[in-house]
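# Breakdown of the fold
Given next are the chains, with one letter for each unit.
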Amino acid sequence: MASEIPRAYRDVRLLFATRIIRMAGYGALAVILGVYLAQLGFSEKQIGLLLTLTLVGDTVISLWLTVVADRVGRRKVLMMGAGLMVLAGVVFVLSRNWVVLLVAATVGVISPSGKEVGPFLSIEQAALSHIVSGERRTTFFAWYNLVGSMAAAIGALAGGVLVDGLRRMGMGPLGSFKIVLGGYAVSGVVL
């Protein structure tokens, strides 16, 4: 793939790198999120509502950010989305209050499914279509989707292995889940 991307495509490499980082974070988060909320003592109904409103909030925020992306600037909107990832991750580490977590999950960028959420996908695809020539676009989109799926799978594996390893070393479930959530927040900082 590296030979497929000439030097002139620096932005393409950046878009691929950010997708890999983000999807790995989503994958790791998806493995622990429901169990983490249960460990905090929330009922199945509360967890279901929180996860549902997370998806609704991501949809609304994504729609709004993608509408303003070209006016504000795609890079700024992507950075705002990364900031929302950081905010949501930090709140999930620090708070045990269901209402606070609900607001953070609804406004922040949290992926309960390990799939793409937030403004990133549509903005990055629009950017790729402007950078890559028409005859090579399908190839780049195929690679973009493949590396994203692989990163999510690797992130899910890494999150599960990390929690398991920390538990074997004597850390409790909440502590090990918070490490993964902290890693999710850090991935937003890297983005």
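Before any of the text, the structure's been laid out above.
Residues numbered from 1 in each chain as written. Predicted model: local features only at pLDDT ≥ 70, side-chain atom pairs only at ≥ 80, totals over all residues. Heavy atoms only, no water.

## Let's talk about the pattern of salt bridges
The tally for this structure, following the rule as stated, stands at six salt bridges. Here R10 makes a salt bridge to D11, at a shortest N to O gap of 3.5 Å. Between R168 and D164 there is a salt bridge, with its nearest N and O atoms 2.9 Å apart. One end of the pair, R168, and the other, D164, are both in helix 6 (residues 134-168), four residues apart, so they sit about a helical turn from each other. When its relative accessible area of 37% is taken as the criterion, D164 is described as partly exposed. Bridged by salt links that share partners, the residues R19, R22, E116 and E124 form one connected network. (Salt bridge = Lys/Arg side-chain N within 4 Å of Asp/Glu carboxyl O. Helix = DSSP H or I, 4+ residues; strand = E, 2+ residues; numbered from the N terminus. Buried < 20%, exposed > 50% of the residue type's maximum accessible area, 1.4 Å probe, protein only.)

## Examining the packing of helix 1 (residues 10-39) against helix 3 (residues 74-94)
Two elements in contact, helix 1 and helix 3, have axes whose closest approach is 13 Å; the angle formed by their N-to-C orientations is 25°. Regarding the angle of helix 1 to helix 3, the classification is roughly parallel. Remark: the crossing between helix 1 and helix 3 carries left-handed chirality. Seen from helix 1, the contacting residues are D11, L15, R22, Y26, L33, Y36 and L37; seen from helix 3, they are R75, L78, M85, F92 and V93. (Axes fitted to C-alpha atoms, helices over the stretch in contact; angles between N-to-C directions. Parallel < 35°, antiparallel > 145°, perpendicular 65-115°, else oblique. Left-handed = near helix turned anticlockwise from the far one by under 90°. Contact = heavy atoms within 4.5 Å.)

## Some words on the nonpolar core
Membership of the largest hydrophobic core comes to 50 residues, with the highest contact counts inside it found for Y36, L37 and F92. Listed by contribution, the elements that provide at least two residues to this core are helix 1, helix 2 (44-72), helix 3, helix 4 (98-107), helix 5 (120-131), helix 6 and helix 7 (173-190). When residues in this core are grouped by element, the largest group, 11 residues, is from helix 1. Those residues within four positions of F92 in sequence are excluded, and the remaining contacts are L33, Y36, L37, L50, L101, A104, A105, I110 and L181. (Core = buried A, V, L, I, M, F, W, Y, C linked by side-chain atoms within 4.5 Å.)

## Overview of helix 3
The end-to-end C-alpha separation of helix 3 is 30 Å, in line with the 30 Å expected for 21 residues at 1.5 Å each. Within helix 3, the full set of buried residues consists of V77, L78, G81, A82, L84, M85, A88, G89, V91 and F92. (Expected span 1.5 Å × (residues − 1).)

## Quick notes on the side chain of R19
Inspection of the secondary structure assignment puts R19 in helix 1. We classify R19 as buried; its relative accessible area is 5%. Sequence-distant contacts of R19, that is, excluding residues within four places in its chain, are made with E116, L121, E124, Y144, N145 and G148.

## Quick notes on the environment of I20
Checked against the element boundaries, I20 lands in helix 1. A relative accessible area of 37% means that I20 is categorised as partly exposed. Distance in space between the C-alpha atoms of I20 and S122 is 16 Å, their sequence separation being 102 residues. Here I20 is in contact with V147 and A151, once residues within four sequence places are set aside.

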